[in-house]
Amino acid sequence: MIDIANVVGSGDLDVELDIAEVELDLDLPYTEYDPSNYHGLYVRLAKGGPLITVYRSGKYIISGCSTFELLYESNDRFLTELSELEIVDTNVETDFTVKNLVCTAQLDDTVDLNTLSIALGLELVEYEPEQFPGLIYRPTDHAPVLLVFANGKIVITGAPNIDAAEDAFNHLKEQVTAYFGS
DNA sequence: TTTTGGCCAACTTATATACGGCTACGAG
DNA sequence: CTCGTAGCCGTATATAAGTTGGCCAAAA
C-alpha cells in the first residue's frame, strides 16, 4: 500500500498577466509576490493550504496537495477566482494536468542498503550514506525514482499517476523478494 | 581588450524519507 | 559552567514554471 504525500499539477491560462496587479485584484490574505526573491506570484486559497505559483506568461503550478481531489478542487477554485475578476473566461481551458506524485510506502522488513545496491544493479543505484542516508534507485523500465531507507521506508517520486507509482513500488518489492527471499 | 551574445544552470515551492552537524536552551 | 536534548539545516529526489547570473567565446 502506498500513500500520497504530494501531488503537483500545472496548467496554462493562455493570457499574459501583470502578476503584481493580479495579486492586488485577488485580494486574498495568503499571497506573496517578491520579485527580488522569485519572479512567480504565490497564491494560497487557505492558510497552510496548497501553493499556486503563477507566472507572467499565464502558466501556473499547484503543489502541496495530499490528494488528487484537493488538487483539482484548488484548481477549480483558483480559476473561479480569476473568472470572477474577468482575468479569464468562465469556461477557460487550461489543460491542467498532474505532473508529479510523491508517495511513501513501506517494505515488510529492514534492508541492508549495501546488499540492495548489488541486487538492484550498481549502475542503477546511488548510495552514499555519508552524503544521504537513502539509497536512490532509478529503475530502467519505470519513470519514478525510489528512495530506499534501511528501516524499509520508501519514497517514490516522479510518477505522473498513481499506477506508475504502484508499478514502480511493486517492481522494487519483487527485486527485494527475489534477492533476499520472503 | 572590451563588449556582446548565447547557453546552461541555479533559483523557488511542496512533500515524504533520515542522518550528521550545529545552535540554543534548560537543568543540574 | 557544563552537559544533554531538542529543534533546525543541509544533504538528495521529482516536477512544473521564467528569470537571472555566470561563464565562455567570438566579434568589434
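Peer 1: Before we move on, can you summarise the environment of Ile62 with the specific residues and values?
Peer 2: Along the chain, Ile62 turns up in strand β5 (residues 59–65). Judged by its relative accessible area of 0%, Ile62 is buried. Ignoring sequence-local partners within four residues, the contact set of Ile62 consists of Val7, Val8, Gly9, Pro50, Leu51, Ile52, Leu71, Ser74, Asn75 and Phe96.

Peer 1: Summarise the protein's contact with DNA strand B; cite the residues concerned and give the values.
Peer 2: With respect to spatial proximity, 19 residues lie near DNA strand B, and among them Tyr42, Arg44, Val102, Pro133 and Asn151 are the closest. The sugar-phosphate share of atoms of DNA strand B within 4 Å of the protein amounts to 76%. In this structure, a sugar or linking oxygen belonging to DNA strand B sits 3.2 Å away from a side-chain N or O atom of Tyr42. Contact between DNA strand B and Ser63: a sugar or linking oxygen at 3.4 Å from a side-chain N or O atom of the residue. Among the elements that line the surface near DNA strand B, the one with the most residues is strand β1 (residues 3–12), at 3 residues. The residue inventory of the surface near DNA strand B, partitioned by class, reads 11 nonpolar, 6 polar and 2 charged.

Peer 1: How would you sum up the nonpolar core? Please name residues and give values.
Peer 2: Ranked by internal contacts, the top residues of the largest apolar core, which has 46 residues, are Val54, Tyr60, Leu116, Val148, Ile154 and Ile156. Here this core takes 6 residues from helix α4 (residues 162–180), the largest share from any one element. Setting aside its immediate chain neighbours within four residues, Val54 contacts Leu17, Ile19, Gly40, Leu41, Val43, Lys59, Tyr60 and Phe78.

Rules used throughout
Residues numbered from 1 in each chain as written. Chains lettered and ligands numbered in written order. Predicted model: local features only at pLDDT ≥ 70, side-chain atom pairs only at ≥ 80, totals over all residues. Heavy atoms only, no water. Helix = DSSP H or I, 4+ residues; strand = E, 2+ residues; numbered from the N terminus. Buried < 20%, exposed > 50% of the residue type's maximum accessible area, 1.4 Å probe, protein only. Contact = heavy atoms within 4.5 Å. Near = heavy atom within 4 Å. Polar contact = N/O pair within 3.5 Å; in protein donor to acceptor, adjacent residues only side chain to side chain. Nonpolar A, V, L, I, M, F, W, Y, C, P; charged D, E, K, R; others polar. Core = buried A, V, L, I, M, F, W, Y, C linked by side-chain atoms within 4.5 Å.

Structural measurements only, silent on function.
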